[in-house]
Each structure stands twice: as structure tokens, then as C-alpha cells.
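Per-entry structural report
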Amino acid sequence: SEIRHGNNLTFRYNYATRWEASGFLGLYGGATNAIATGWKIYGNIFDAGAGTEQGDVSYATGANLNKISDSVIYNNTFYGVTVGFIVDWDNTNNTGNLFKNNITYSTPGTYSTVGMTFDYNASEDTLAADSHLQTLSGDPFTAAASGDFSLVSDTTTGTSLSSPYDTDMFGNAY
């Protein structure tokens, strides 16, 4: 879905499977003066599934004065989203956004650092400017192909987050 001028959006506790080319959460790059403040994207699983053209999870870019500010992307799983962008907030207008405690695996998309702070994530890719990145050496999930995203073993502890960001979609504390 495309969101324009969306403020205080909460997208939480969703299992988005077969997130394909039309799968999209964010401001469209062609929008002019699109502004979003206070987005909360947390506790979700974005799973490419058996799809062949995985889509964007979040996108706000271009010279069209788009702006995302004071938003958080916490405690999400991004699995196999291989085409497009995980976070492409490549615009100098973006400020105060946080990408923390997420797991990305098999997601060689683009991660922009403009207006975004990355910290305490786990990935097999290098996430730009993440000083506490845990580099994964293999698939961290028990059986992601069949929808089981339980961890094979614990990841390094992330940063402590306040409620409501400190529990998963099943009510388990992080």
C-alpha cells in the first residue's frame, strides 16, 4: 500500500508473507511533499515466502521533498526480501528515525543512512553505520521456509526498549 502524508502510523505484529513487488509500505518516491511523522513499525515478520519478486518494505526517496521523521523500526524480521529496498529513506529531509533490534537475513537490499540511525541489528549483510551489528554466519531461523521463525540460538542481546516495543506478537518479552 502507498501512504502519503501519513502521521502516527502503527504497523505491528503482522506476518506479511509473499511480500512481492507490489508489497510496499511507505511513501512513494514519486509523491511530492509527502510527509510522515511518528511511524511505529515493530514486531513484524516480512517474509518473501515462495515469491520471486520481493518488494519494498519502506521507501521515501527522491528530490520531491518527501520527509519521514521521528519514526521507529524495531524488533522486525526481514527474510528473503531480495529485490528493492528494506529501508530507502535516502533524502536529506529525513531526521530522527531509528532502525534497532531487527533481524535481516537473505535481504541484499539497500539500506540508507540518511536521517536513520541503525543499532543493535543482526544480519549477514553489512548494515550501514551499525556500530553494534551482529553478523550472522547462517540462517538464524529453525525452519523459515515453512514459516517457523523461532531462532536456532539466541542472537546477541539488543538494546533495551520500552513498552510496547519490548514484547513480540505472541506476548513474549524480549
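Everything quoted here is computed from the prediction, not taken from an experiment.

Okay, the side chain of Asn76 next. In this fold, Asn76 is placed in the loop between strand E8 (72–74) and strand E9 (77–79). In this structure Asn76 comes out as buried when scored by relative accessible area, which is 1%. In terms of polar contacts, Asn76 uses its side chain to reach the backbone amide nitrogen of Gly43, at 3.4 Å. With near-sequence residues (within four places) excluded, Asn76 lies in contact with Ile41, Tyr42, Gly43, Asn44, Phe46, Asn101, Asn102 and Ile103.

Next up on the list: the confidence of the model for the chain. On average, residues of the chain score 77 in pLDDT, and 68% of them are at 70 or above. The element-level mean pLDDT for the chain is lowest in strand E6 (residues 58–59), coming to 52, with strand E17 (residues 141–143) highest at 95.

So, about the sheet that holds strand E15 (residues 122–123). The sheet built from 6 strands is open, its strands ordered E2-E5-E9-E12-E15-E16 with parallel pairing. Both outer strands of the open sheet, strand E2 (15–17) and strand E16 (134–135), are each paired with one neighbouring strand and no more. Where E15 lies against E16, 2 bridges are found, and the strand directions are parallel. Bridge pairing in E16 places Ser123 opposite Thr135.

Conventions and cut-offs
Residues numbered from 1 in each chain as written. Predicted model: local features only at pLDDT ≥ 70, side-chain atom pairs only at ≥ 80, totals over all residues. Heavy atoms only, no water. Helix = DSSP H or I, 4+ residues; strand = E, 2+ residues; numbered from the N terminus. Buried < 20%, exposed > 50% of the residue type's maximum accessible area, 1.4 Å probe, protein only. Polar contact = N/O pair within 3.5 Å; in protein donor to acceptor, adjacent residues only side chain to side chain. Contact = heavy atoms within 4.5 Å. pLDDT = per-residue confidence, 0-100. Pairing = 2+ DSSP bridges.

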